[in-house]
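Structural description and commentary
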Amino acid sequence: TNNSWGLDGSIAYEGTCRAIDATSFANDEQLEVFAVTDQFFLQIPENSKSCLAVSASRNAPSEGLMCVGGIGPTSDGRRKPEITAPGCSITASAGATGCGTFTDTGTSFAAPAVAGVGAMAREYFLRGYYPGGAPSAGDALTPSGALIRAVLINSARDMGNVPDFPNTQEGWGRVT
């Protein structure tokens, strides 16, 4: 699921974070994707242990550069965010305007892209593409949220503009 919201104001691992982790534990096929704060330091709830925290890179052709997103680590030393996706100068529908659009920037535009890539990775396993690369009913499996998280993180590419890869600004890099 995509979560493009936050409760800026605290960096603590608190009740909201524990609830997200408990929900993930109880529903092991679910992956919670959270946009990190657009402020400087990670806040809650993107510092929960089970979620995939997403920061924003610039849009093409400069997707190798950071755009916005809070910097980790979490208050207990975990590396967050884990991954980035384009979230700078994104054109989106303008809600109540019918067919109107607007352009904006933020991690709330990057997180849905990562959730969509996660849905595609899930479908890859459900249709049995793993391990042969072609659909096979005998290879079909229902992946856990943890497996999808691992696939997304391991698909990431170092963006190259932040030292010490992986790091607490871009995580493991831009999702591919």
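In the block above lies the structure referred to throughout.
The sections below set out a description of the structure shown in this document. Computed from a predicted structure; not experimentally measured.

So, on to the pairing of strand β3 (residues 52-57). By the criterion of burial, β3 is predominantly enclosed, with six of the six residues buried. Of the pairings in the sheet, the one linking strand β2 (residues 33-35) to β3 comprises three bridges and is parallel in character. What sits directly across from F34, in β3, is A53. As paired elements, β3 and strand β5 (residues 83-86) share four bridges and run parallel to each other. Within β5, the position partnered with S57 by the bridge is P86.

This paragraph deals with the side chain of S55. Turning to its location among the elements, S55 is positioned in strand β3. Each residue touching S55, except ones within four places of it in the same chain, is listed here: V36, M66, V68, G69, P81, I83, T84, A85, T107, A110 and Q169.

The next point concerns the packing of aromatic side chains. Applying the stated criterion across every chain, the model contains six aromatic pairs. With centroids separated by 5.7 Å and ring planes inclined at 90°, the aromatic side chains of Y124 and F125 adopt a geometry described as edge-to-face. Given a relative accessible area of 34%, Y124 falls into the partly exposed group. Centroid distance Y124 to Y129: 5.6 Å. Interplanar angle 20°. Geometry classified as stacked. Y129 gets classed as partly exposed once you look at its relative accessible area, which sits at 27%. A connected cluster of aromatic rings, assembled from ring pairs, spans Y124, F125, Y129 and Y130. The side chain of K49 reaches across the aromatic face of Y13, ending 4.8 Å from its centre. One cation-aromatic arrangement involves R79 over W172; the distance from NZ or CZ to the ring centre is 5.1 Å.

What follows deals with the environment of S136. Tracing the sequence through the fold places S136 in the loop between α2 (107-126) and α3 (145-155). In this structure the C-alpha to C-alpha distance between S136 and G87, which are 49 residues apart in sequence, comes to 35 Å. With residues up to four places along the chain from it excluded, the contact list for S136 reads R127 and G128.

This part is about unusual backbone geometry. At the junction of G72 and P73, the peptide bond is cis and its omega measures out at 10° in the coordinates. Following F165, the chain continues to P166 via a peptide bond in cis, the omega torsion being -15°. Its identity is not glycine, yet S89 carries a phi of approximately 60°, on the positive side. Inspection of the secondary structure assignment puts S89 in the loop between β5 and β6 (90-93). Of note, the phi angle at D164 is positive, near 60°, even though the residue is not glycine. Inspection of the secondary structure assignment puts D164 in the segment after α3.

A few words now on the pattern of salt bridges. Tallying each qualifying case throughout the model produces five salt bridges. Where R122 meets E29, a salt bridge forms, and the shortest distance between an N and an O atom there is 3.1 Å. Within this pair, whereas R122 is found in helix α2, its partner E29 is found in the loop between α1 (15-26) and β2, the two being separated by 93 residues in sequence. In this structure, E123 engages R127 in a salt bridge whose closest nitrogen and oxygen atoms are separated by 2.4 Å. Take E123: its relative accessible area is 32%, and that puts it in the partly exposed class. Via salt bridges that share partners, K80, E82 and R149 belong to a single interconnected network.

Conventions used here
- Residues numbered from 1 in each chain as written.
- Predicted model: local features only at pLDDT ≥ 70, side-chain atom pairs only at ≥ 80, totals over all residues.
- Heavy atoms only, no water.
- Buried < 20%, exposed > 50% of the residue type's maximum accessible area, 1.4 Å probe, protein only.
- Helix = DSSP H or I, 4+ residues; strand = E, 2+ residues; numbered from the N terminus.
- Pairing = 2+ DSSP bridges.
- Contact = heavy atoms within 4.5 Å.
- Phe/Tyr/Trp six-rings, centres within 6.5 Å; stacked < 30°, edge-to-face > 60°.
- Lys NZ or Arg CZ within 6 Å of the ring centre and 35° of its normal.
- Salt bridge = Lys/Arg side-chain N within 4 Å of Asp/Glu carboxyl O.

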